[in-house]
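Each chain, letter by letter, is given below.
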Amino acid sequence: MTAGPLTVTSSPAGDTPALRDEWLELESRSTPPVFLSWQWLGHWLSVYQPRALALRVWEADRLVGLGLVVETDERRHGVLKSRCLRLHQTGHRLLDQIWIEYNGFLAENGKENEVARACLNYLTNEMPEWDEFIIGAVDAEEADKYASITGLHKHVRWEAPCYGVDLDALRHSGEHYLDRLSRNTRYQINRSHRLYEQRGEVRLVRPDTVEEAIAVFDRIGPRHLQRWGNGPDQSGFANPDFVRFHREMIRAQWPDGGVDLVSVMVGDEEIASFYNLLYKQVVYFYLGGMAVDSDNRFKPGLLGHSLCIEDYRHHGFHYYDFMGGDERYKANLGTLHRNLVQIALQRDRFKLKLEDVARRARNRWLGEASTGYER
């Protein structure tokens with residue numbers, strides 16, 4: 001029997017038991033990443049309480065899709081005002097620094113394309129006042145589909161590769177993780193391990209209580225700030241809203257195994273610590289803090305990740321995901337598995353066309369300036 005067309009309804013969202021039950025029930029019939037789970041989005045609604053609109057996609061009386069959109073105004077260049085819809089983001093820079101990845105609509109298995117098409121058509125046809133629909137960070141191929149469905153201009157605001165390690169394949173091969181790395185990376189990790197062992201036993205340690213887990217997260221802060229800086233859009237630890245979101249997440253989800261805090265110890269010294277999201281036996285490396293040593297032969301990050309990868313492999317996890325970022329260590333330790341983008345799907349507005357012309361001219365000028373444009 002052929003299924004009927006999908007219909008979409010919308011209503012104000014909130015951290016309500018009804019929405020929670022709907023989301024979890026649909027989640028059980030879906031295969032989402034952690035960022036489309038109630039584990040993440042329910043916490044987002046609870047902590048930040050955005051004025052979100054819940055889109056529900058129905059096949060007859062069966063719920064097959066969900067999404068949360070927020071309408072905000074964005075001002076750019078001091079003069080341009082754009083009315084924006086955002087998927088699973090607030091539009092406020094400090095609140096969105098938690099940076100959702102693998103974004104999209106929650107959909108029943110096998111209905112992902114149909115749900116996306118239904119939602120996008122609803123937003124385009126039934127909510128005509130917005131100028132841009134901003135989605136990030138989303139799989140680059142999915143972004144192309146969204147642009148094709150809507151017929152809108154796709155402006156890429158940000159892009160980055162994603163690297164990871166297939167723990168199932170590693171386990172089935174019987175190989176040690178290090179054997180799959182390049183000779184140089186393997187040498188750096190092994191040398192660092194030997195040097196650290198001269199100081200004391202190298203081991204992974206996990207907290208025993210939620211208070212200890214939060215303490216590990218807090219200790220990451222100074223090292224993360226030192227590495228990334230305390231300016232806007234640098235380390236999230238400079239942003240109280242970012243810190244509040246994750247401290248409350250740890251408090252809520254560490255007891256149920258939704259997050260993992262891992263310390264890499266050398267004797268009594270903590271040389272690295274990691275904060276990971278765990279969902280459906282996938283490890284999402286979120287952030288970490290590494291000790292700085294004057295001797296660059298010590299590689300606490302490379303060593304720490306390699307030890308964690310082996311540990312998660314041993315405990316039956318499926319994948320270790322470094323997520324978005326072009327940092328060299330991710331490419332050295334993992335395999336490219338997709339590209340992420342943040343896009344703005346733009347309606348046919350003169351102000352946006354004018355901005356695009358100015359942007360292209362600026363980028364062309366910067367490209368010429370960077371090469372000196374010498375003949």
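Refer to the preceding data block for the structure.
What you see is a predicted model, and the numbers here were worked out from it, not measured in a lab. (Residues numbered from 1 in each chain as written. Predicted model: local features only at pLDDT ≥ 70, side-chain atom pairs only at ≥ 80, totals over all residues. Heavy atoms only, no water.)

1. Looking at the overall build of the protein chain
Here comes step 1: When its secondary structure is counted, the protein chain shows 11 helices and 13 strands.
Here comes step 2: Computed over C-alpha atoms, the radius of gyration of the protein chain comes to 22 Å, within 12% of the 21 Å expected from 2.2 N^0.38 for 375 residues, which places it in the range of a compact globule.
Here comes step 3: Seen along its three principal axes, the alpha-carbon backbone of the protein chain occupies a region of about 65 × 65 × 40 Å.
Here comes step 4: Out of the 375 residues belonging to the protein chain, those deemed buried represent 54%.
Here comes step 5: Counting contacts in the protein chain only where the partners sit at least 6 residues apart, residues at least 24 apart contribute 73% of the total. (Helix = DSSP H or I, 4+ residues; strand = E, 2+ residues; numbered from the N terminus. Rg over C-alpha atoms; globule rule 2.2 N^0.38 Å. Buried < 20%, exposed > 50% of the residue type's maximum accessible area, 1.4 Å probe, protein only. Contact = heavy atoms within 4.5 Å.)

2. Regarding the nonpolar core
When a protein is soluble and globular, its nonpolar side chains tend to lie buried together.
Here comes step 1: With 52 residues, the main nonpolar core has Trp40, Tyr275 and Leu277 as its most contacted residues.
Here comes step 2: The greatest single-element share of this core, amounting to seven residues, is contributed by helix H2 (residues 38-48). (Core = buried A, V, L, I, M, F, W, Y, C linked by side-chain atoms within 4.5 Å.)

3. Topic: the packing of aromatic side chains
Here comes step 1: Scanning the entire structure with this criterion turns up 22 aromatic pairs.
Here comes step 2: Plain terms: the ring middles of Trp23 and Trp38 are 6.0 Å apart, the flat faces sit at 50° to each other, and that makes the pair tilted. Of this pair, Trp23 sits in helix H1 (residues 17-27) while Trp38 sits in helix H2, and the two are 15 residues apart along the sequence. The exposure classification of Trp23 matches that of Trp38, with both residues buried. (Phe/Tyr/Trp six-rings, centres within 6.5 Å; stacked < 30°, edge-to-face > 60°.)

4. Observations concerning empty space enclosed by the protein
Here comes step 1: Counting across every chain of the model gives one cavity of 30 Å³ or more.
Here comes step 2: Taken as a whole, the largest cavity encloses approximately 50 Å³ of empty space.
Here comes step 3: The residue makeup of the lining of the largest cavity, split by class, is seven nonpolar, two polar and one charged. (1 Å grid on protein atoms, 1.4 Å probe; cavity = no way out; pocket = protein on both sides within 12 Å on 5 of 7 lines; lining within 4 Å. Points joined across faces, edges and corners; volume = space filled by probe spheres on them. Nonpolar A, V, L, I, M, F, W, Y, C, P; charged D, E, K, R; others polar.)

5. Here's the deal with helix H7 (residues 210-228)
Here comes step 1: Helix length check: H7 (19 residues) gives 26 Å between terminal C-alpha atoms against 27 Å at 1.5 Å per residue, within 8%.
Here comes step 2: Where H7 bends most, the angle comes to about 30°, and this point is Pro222.
Here comes step 3: Turning to H7, its buried residues number three or more, namely Val210, Ala213, Ile214, Val216, Phe217, Ile220, Gly221 and His224.
Here comes step 4: Its buried side turned inward, H7 meets helix H8 (240-253), strand E9 (259-266), strand E10 (269-279) and strand E11 (282-290).
Here comes step 5: Of the residues one or two after H7, Gly229 is the one with positive phi, at around 95°. (Expected span 1.5 Å × (residues − 1). Bend = angle between axes of the 7 residues up to and from the residue.)

6. Comments concerning the state of the cysteines
Here comes step 1: Counted according to the given criterion, the structure contains zero disulfides.
Here comes step 2: Take Cys119: it sits in no disulfide, and the sulfur closest to it among the cysteines is that of Cys84, at 19 Å.
Here comes step 3: Between Cys162, a free cysteine, and Cys308, which holds the nearest cysteine sulfur, the sulfur-to-sulfur gap is 19 Å. (Disulfide = S-S within 2.5 Å.)

7. What about the environment of Ala215?
Here comes step 1: Residue position: Ala215 is located in helix H7.
Here comes step 2: For Ala215, a relative accessible area of 30% translates into the label partly exposed.

8. Quick word on the layout of surface pockets
Here comes step 1: Approximately 540 Å³ is the volume attributed to the second largest pocket.
Here comes step 2: Lining of the second largest pocket is provided by 27 residues; of these, Thr31, Pro32, Pro33, Tyr102 and Arg338 occupy positions nearest its centre.
Here comes step 3: For the lining of the second largest pocket, the secondary-structure elements that each account for two or more residues are strand E5 (106-107), helix H3 (112-126), strand E6 (132-139), helix H4 (140-150), E11, strand E12 (319-324) and strand E13 (335-346).
Here comes step 4: It is H4 that contributes the most residues to the lining of the second largest pocket, four residues altogether.
Here comes step 5: Tallied by class, residues from the lining of the second largest pocket come to 14 nonpolar, six polar and seven charged.

9. Brief notes about helix H6 (residues 183-197)
Here comes step 1: The terminal C-alpha atoms of H6, which comprises 15 residues, lie 21 Å apart, in line with the 21 Å expected from a rise of 1.5 Å per residue.
Here comes step 2: Listing the buried residues of H6 in full gives Thr185, Gln188, Ile189, Ser192, Leu195 and Tyr196. Buried residues of H6 fall within an arc of 130° about the axis and therefore sit on the same side.
Here comes step 3: Where H6 is buried, its residues meet strand E8 (202-205), E9, E10, helix H9 (300-314) and helix H10 (328-333). (Arc of directions from axis to C-beta.)

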